[in-house]
Amino acid sequence: MWKLSKKDFQKFVTAMIGSDQQVVGVQAKGDRFAFGPLEQSEDLRLDYDVTLLPPKKYVLPQVETLMTYKIGGDYQSEMASEKLILLGVHPYDLIAINQMDKLFSQDQYDNHYMARRKNITMIACDVVTPSQNVFASSMGTAVVTEGYDILITEIGDGYVLDAATDKGKALMKLAPDATEASQDDLAKRKAVQDKNRTQLNKHPLECKPSYLPKLLERAYDHPIWEEKARTCYSCGSCNTTCPTCYCFDVQDDVNWDLATGKRWRAWDGCLLENFATVAGNHNFRKQRESRFRHRLYRKAKYIPEKIGGEIACVGCGRCITACIPDIANPVAIYNALLEDIGME
Ligand code: SF4
Ligand code: SF4
């Protein structure tokens, strides 16, 4: 573990910006925060509460060309090759990316996603300022232990840096002023993480997350889905702002020459009205309440079945902030179900 003073950390960030890799970091956007290309170290804000959109767009862009082709002839896959340093990812957002790493590398290995992921040097940072709707402590996602190349923890007079991989250790060469962290530094780091384990909890969940699949198994026909969905606009904001939503739609565009074209994909969302429309214009999730229920079942039943029980809600709280009729809060739904049907 390394220690850098705040001044030396800024020099480290400047050196990264001057390297041959693009650096993306969290910056202020009015009174909110967003990931974007970092041009000077002074713009980096590791004290942010939450970003408007999660960093998933750097592993799964909103729109991405998958391949170009000649009709009846060759095709050429498009693979990302740009190296990227992603700087300032909060633990819950990294845990969401860790989950996507599993999902995109099992069954159908997704070369496009995995190429982007491998090109990223992931620099995570522990939360300093809790956001208004975070509940990562309830979900066990307030602290991260894997998936990062470097993890940064602010400890008052500076930062403790855990360079966990060869990539992370190589990057530390840009920080010649780093010294070995002392026992006191490590104790302060532990105190920050211990506090986050319990304090990032604006919406406490009244059961262990591991019980949620069982709870949902018993709640499929519960009236809550219809009650909540009554005011849903089907706007899809709860999907687009969610770090664990990864559904996409694939389209083909044939060029005017009718001989060449491209295949691309773009984010999709299960709350959107036509998400489940298939050939023959049949929509197998036409009712709002069935789409509303599906989102919660994806988070706490279907995805956990694919990735060893991990719940695909990391408690970032973005859906709560984004939902205008205030119906998207997963904890409000789980707690209401717990109150009504109890635990078995
Ligand atoms: S469901 Fe909501 S709180 Fe959970 S990870 Fe997605 S956006 Fe965050
Ligand atoms: S953000 Fe709210 S209104 Fe929009 S689709 Fe999601 S639940 Fe419905």
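See above for the structure.
Please read all numbers here as calculations on a predicted model, not as lab measurements.

Chemist: Hey, could you run me through the site of ligand 2 in this one?
Modeler: Around ligand 2 sit Cys 232, Tyr 233, Ser 234, Cys 235, Gly 236, Ser 237, Cys 238, Leu 271, Phe 292, Cys 323, Pro 325 and Ile 327, and those are all the residues in its vicinity. By residue class, the composition of the shell around ligand 2 is 9 nonpolar, 3 polar and no charged.

Chemist: Honestly, the sheet that holds strand E12 (residues 260-267) in this entry has me stumped. Any pointers?
Modeler: Strand pairing in a sheet is mediated by backbone hydrogen bonds. Such pairs are either parallel or antiparallel. The 4 strands are arranged E5-E4-E12-E11 in an open sheet whose pairing can be described as antiparallel. Single-partner strands in this sheet number two, and they are strand E5 (75-77) and strand E11 (248-254). The sheet shows a mean angle of 20 degrees between the axes of neighbouring strands, direction not considered. In terms of strand pairing, E11 meets E12 through 7 bridges, oriented antiparallel. Paired with Phe 248 across the bridge in E12 is Trp 267. Helix-sheet contacts for helix H3 (residues 111-118) involve strand E4 (63-70), E5 and E12, and the interaxial angle to E4 is about 125 degrees.

Chemist: Whenever I open this one, the packing of aromatic side chains confuses me. Can you help?
Modeler: For any pair of aromatic rings, geometry is given as the distance between the ring centres together with the angle between the planes. Counted according to the given criterion, the structure contains 9 aromatic pairs. Each member of the aromatic cluster is reached from another via a ring pair, and the members are Tyr 220, Trp 225, Tyr 297 and Tyr 302. The positively charged end of Lys 6 is found above the aromatic ring belonging to Tyr 159, 5.8 Å away from the centroid. Of note, Lys 56 hangs over the ring of Trp 267, and the distance from its end group to the ring centre comes to 4.4 Å.

Chemist: What should I look at first to understand the site of ligand 1 in this one?
Modeler: Near ligand 1, the surroundings consist of Phe 135, Cys 242, Pro 243, Arg 295, Lys 299, Cys 313, Val 314, Gly 315, Cys 316, Gly 317, Cys 319 and Pro 330. Of the residues in the shell around ligand 1, the class split is 8 nonpolar, 2 polar and 2 charged.

Chemist: How should the packing of helix H10 (residues 288-306) against helix H12 (residues 330-341) be read in this particular structure?
Modeler: Helix-helix packing is described using two parameters, namely the angle between the two axes and the distance between the axes. Axis separation between H10 and H12 bottoms out at 12 Å; the angle between their running directions is 90 degrees. With respect to H12, the element H10 is oriented roughly perpendicular. Across the interface between the two elements, Phe 292, Arg 295, Leu 296, Lys 299 and Ala 300 from H10 touch Pro 330, Ile 333 and Tyr 334 from H12. Here the contact of H10 with H12 is composed, by residue class, of 6 nonpolar, no polar and 2 charged.

Chemist: It is not clear to me how empty space enclosed by the protein should be interpreted in this structure. Could you clarify?
Modeler: Any empty space left between the atoms is revealed when a probe the size of a water molecule rolls over them. Under the defined criterion, the tally for this structure stands at 4 cavities of 30 Å³ or more. In this structure, the largest cavity occupies an estimated 120 Å³ of space. As for the largest cavity, its lining consists of 14 residues, and the residues nearest its centre are Cys 245, Tyr 246, Cys 247, Arg 298 and Lys 299. Looking at the lining of the largest cavity residue by residue, the classes come out as 6 nonpolar, 4 polar and 4 charged.

Chemist: When you look at unusual backbone geometry in this model, what are you seeing that I'm missing?
Modeler: With glycine set apart, most residues show a phi of negative sign, and most peptide bonds adopt trans. Even without glycine at this site, Leu 258 takes up a positive phi of about 55 degrees. Take Leu 258: it is sitting in the loop between E11 and E12. Looking at Leu 258, the relative accessible area reads 66%, which means it is exposed.

Basis of the calculations
Residues numbered from 1 in each chain as written. Chains lettered and ligands numbered in written order. Predicted model: local features only at pLDDT ≥ 70, side-chain atom pairs only at ≥ 80, totals over all residues. Heavy atoms only, no water. Near = heavy atom within 4 Å. Nonpolar A, V, L, I, M, F, W, Y, C, P; charged D, E, K, R; others polar. Pairing = 2+ DSSP bridges. Helix = DSSP H or I, 4+ residues; strand = E, 2+ residues; numbered from the N terminus. Axes fitted to C-alpha atoms, helices over the stretch in contact; angles between N-to-C directions. Contact = heavy atoms within 4.5 Å. Phe/Tyr/Trp six-rings, centres within 6.5 Å; stacked < 30°, edge-to-face > 60°. Lys NZ or Arg CZ within 6 Å of the ring centre and 35° of its normal. Parallel < 35°, antiparallel > 145°, perpendicular 65-115°, else oblique. 1 Å grid on protein atoms, 1.4 Å probe; cavity = no way out; pocket = protein on both sides within 12 Å on 5 of 7 lines; lining within 4 Å. Points joined across faces, edges and corners; volume = space filled by probe spheres on them. Buried < 20%, exposed > 50% of the residue type's maximum accessible area, 1.4 Å probe, protein only.

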